[in-house]
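Each chain, written out:
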Amino acid sequence: MRFSARTGWELGENMLTAKLRERRAHGGEILDLTASNPTACGFAYEPEVLLPPLAVPAALEYEPEPFGLERARTAVREYYRDHGADVPVDRICLTTSTSEAYSYLFRLLCDPGDEVLIARPSYPLFDFIARLDSVVLREYPLRYDPGASAASAHAWTIDFETLRGAINARTRAIVLVHPNNPTGNYVSDAEREELETLCARQELALIVDEVFLDYAIRADAKPRTFALGNGDALCFVLSGLSKVCALPQMKLSWIAARGPENMLPEALARLEVVADTFLSVNAPTQAALPSWLSRRHRLQDQIRERVRRNLALLDARLRGSHADRIALEGGWTAVLRVPREIQGQPFAEAALDRGVLVQPGEFYGLPEGRIVVSLLSPPDVWEHGLKLLPIG
Ligand SMILES: Cc1ncc(COP(=O)(O)O)c(C=O)c1O
């Protein structure tokens, strides 16, 4: 049987996953510092609040609207109003996930072999989506300068020179994750302007993933959504329930589009056909969306509290150790600089021998000697796991 080259994945286990499987098979304890599924991290979900909005008569009606039901899209509009942006409902397209939103946009913008620019380090999911859509990813680096954070609050900056040099005749879009996963940096106003100008000039779309927008570490931070703005670039802002409401199981996300009048209507008309081809969002979830979004603060507050508490414990543990933490502005993850090897073993494998699971930074395109941990980790696992980390 012949399969597509797109699905010719390297399916073998790496050393870390093999070790993890063996440890599990032998009943060894695992303190998982990578847990990022909010439904499994001990937050108080309120079934009596979250479930009734699904069981309404509208959930039994089928209205095949390509962009999703207007009531649901109006709730997304309200979300952006709370962020100071007015996005008309006819510019909002619902999808089942942010991953699906990427896929819709890649299909809207790219022919097979066309290129999309993506930051490094970044979330590894994009490699899979791009490959499935026959799109080529090209990387632009983010530079880390911890000294800069004192002056501007932004320790990470986009390397615009390399970004510009990576643009060629096949480039169709720049992807920006805001704040980025796993580095947790928001872009500065100056970077935002430069990106918009670059995209407008080169006729590239700007795809901005804002799933973690609401999770700034500083309580007084007011991150600005890219839905705000009337730049000349065609811009698609992505977000969804998996992070905004901590409800990944409900499978609902969206694209909010803006752009110049000579591009936006055609982009929306084409996107509508993509969405109409799949009609993938289900009725009960759309019916419940207004209620869930209006109550998002109840889970968001718990998550922000967990992240800040875990971060404080982490920093206390790192003091005087052989590891330190990369500056962080938002999101659910932290990047640590650690010894590359412990007694000849890669750090993550040595940690697993002690029963602690962390992610090697290489999964995210970080250099060696970095690990990624989830700040959602339940408090007991976090405290115990941090103690056992081999960092002295
Ligand atoms: C930056 C980023 N974008 C998108 C996703 C996927 O979100 P969804 O569950 O909506 O597909 C994730 C998941 O962790 C993510 O970290």
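Parameters and conventions
- Residues numbered from 1 in each chain as written.
- Predicted model: local features only at pLDDT ≥ 70, side-chain atom pairs only at ≥ 80, totals over all residues.
- Heavy atoms only, no water.
- Helix = DSSP H or I, 4+ residues; strand = E, 2+ residues; numbered from the N terminus.
- Expected span 1.5 Å × (residues − 1).
- Contact = heavy atoms within 4.5 Å.
- Buried < 20%, exposed > 50% of the residue type's maximum accessible area, 1.4 Å probe, protein only.
- Pairing = 2+ DSSP bridges.
- Patch = residues over 30% accessible without salt bridge, like charges linked within 9 Å, V, L, I, M, F, W, Y side chains within 5 Å.
- Areas by Shrake-Rupley, 256 points an atom, 1.4 Å probe, with all protein chains shown as cover.
- Salt bridge = Lys/Arg side-chain N within 4 Å of Asp/Glu carboxyl O.
- Lys, Arg positive; Asp, Glu negative; His and termini not counted.
- Charge placed at Lys NZ, Arg CZ, Asp CG, Glu CD.
- Near = heavy atom within 4 Å.
- Polar contact = N/O pair within 3.5 Å; in protein donor to acceptor, adjacent residues only side chain to side chain.
- Nonpolar A, V, L, I, M, F, W, Y, C, P; charged D, E, K, R; others polar.
- Axes fitted to C-alpha atoms, helices over the stretch in contact; angles between N-to-C directions.
- Parallel < 35°, antiparallel > 145°, perpendicular 65-115°, else oblique.
- Left-handed = near helix turned anticlockwise from the far one by under 90°.

Colleague: How do you make sense of helix α3 (residues 70-82) when you look at a structure like this?
Modeller: Since there are 3.6 residues in each turn of an α-helix, residues three or four apart along the chain are aligned in direction. For α3, which comprises 13 residues, the first-to-last C-alpha distance of 18 Å matches the rise-based estimate of 18 Å (1.5 Å per residue) to within 8%. On its buried side, α3 packs onto β2 (92-95), β8 (234-240), α9 (241-244), β9 (253-258), α11 (283-294) and α12 (296-318). Just downstream of α3 lies G84, where phi reads positive at about 85°.

Colleague: Explain the pairing of strand β16 (residues 370-374) here, please?
Modeller: Successive residues of a regular strand alternate their side chains across the two faces of the sheet. Here β16 lies mainly inside the structure; 4 of its 5 residues are buried. Where strand β11 (residues 333-337) lies against β16, 5 bridges are found, and the strand directions are antiparallel. Across the sheet, the residue bridging to R337 is R370, located in β16. One ladder, built from 2 bridges, connects strand β15 (residues 359-360) with β16; its direction is antiparallel. Bridge pairing in β16 links P360 to I371.

Colleague: Which parts of the structure should I look at to understand α12?
Modeller: When the terminal C-alpha atoms of α12 are compared, their 33 Å separation across 23 residues agrees well with the 33 Å that a helix rising 1.5 Å per residue should span. Within the sequence span of α12, burial applies to R296, L299, Q300, I303, R304, R306, V307, N310, L311, L314, R317 and L318. Each element contacted by the buried residues of α12 is listed here: α3, α9, α11, β10 (324-325), β11 and α14 (379-388).

Colleague: Can you help me understand a negative patch on the surface in this one?
Modeller: A grouping of E65, E70, D90, E272 and D276 is seen on the molecular surface, where their side chains present a negatively charged patch. Within the element layout of this structure, E65 appears in the loop between α2 (47-50) and α3. Note on E65: relative accessible area 39%, which makes it partly exposed.

Colleague: Can you help me understand the site of the ligand in this one?
Modeller: Around the ligand, the neighbouring residues are S97, T98, S99, Y123, V177, N181, D209, V211, F212, S242, K243 and S253. Residue T98 places a side-chain N or O atom 2.6 Å away from an oxygen atom belonging to the ligand. Between the ligand and the protein, one listed contact pairs a nitrogen atom with a side-chain N or O atom of D209 at 2.6 Å. Here the ligand has 400 Å² of accessible area as a free molecule, and 89% of this is covered by the chains. Taken together, the elements giving at least two residues each to the shell around the ligand come down to α4 (98-109) and α9. Partitioning the shell around the ligand into residue classes produces 4 nonpolar, 6 polar and 2 charged.

Colleague: Mind showing me how you'd approach the packing of α3 against α11 here?
Modeller: Two numbers describe a pair of packed helices, the interaxial angle and the distance between the axes. Orientation of α3 relative to α11, taken along the N-to-C sense of each, is 20°, at an axis distance of 8 Å. Considering their axes alone, α3 and α11 lie roughly parallel with respect to each other. Between α3 and α11 the crossing geometry is left-handed. In this structure, α3 contributes R71, A72, A75, V76 and Y79 to the contact, and α11 contributes Q286, L289, P290 and L293. Considering only residue class, the contact of α3 with α11 consists of 7 nonpolar, 1 polar and 1 charged.

Colleague: It is not clear to me how the packing of α4 against helix α5 (residues 125-132) should be interpreted in this structure. Could you clarify?
Modeller: Look at α4 against α5: their axes get within 10 Å of each other, and the N-to-C directions meet at 40°. With respect to their mutual orientation, α4 and α5 come out oblique. As α4 packs across α5, the resulting crossing turns out to be right-handed. From α4, S99, Y102, S103 and F106 reach across to α5, where they touch L125, F126, I129 and A130.

Geometric values such as these leave the question of function open.
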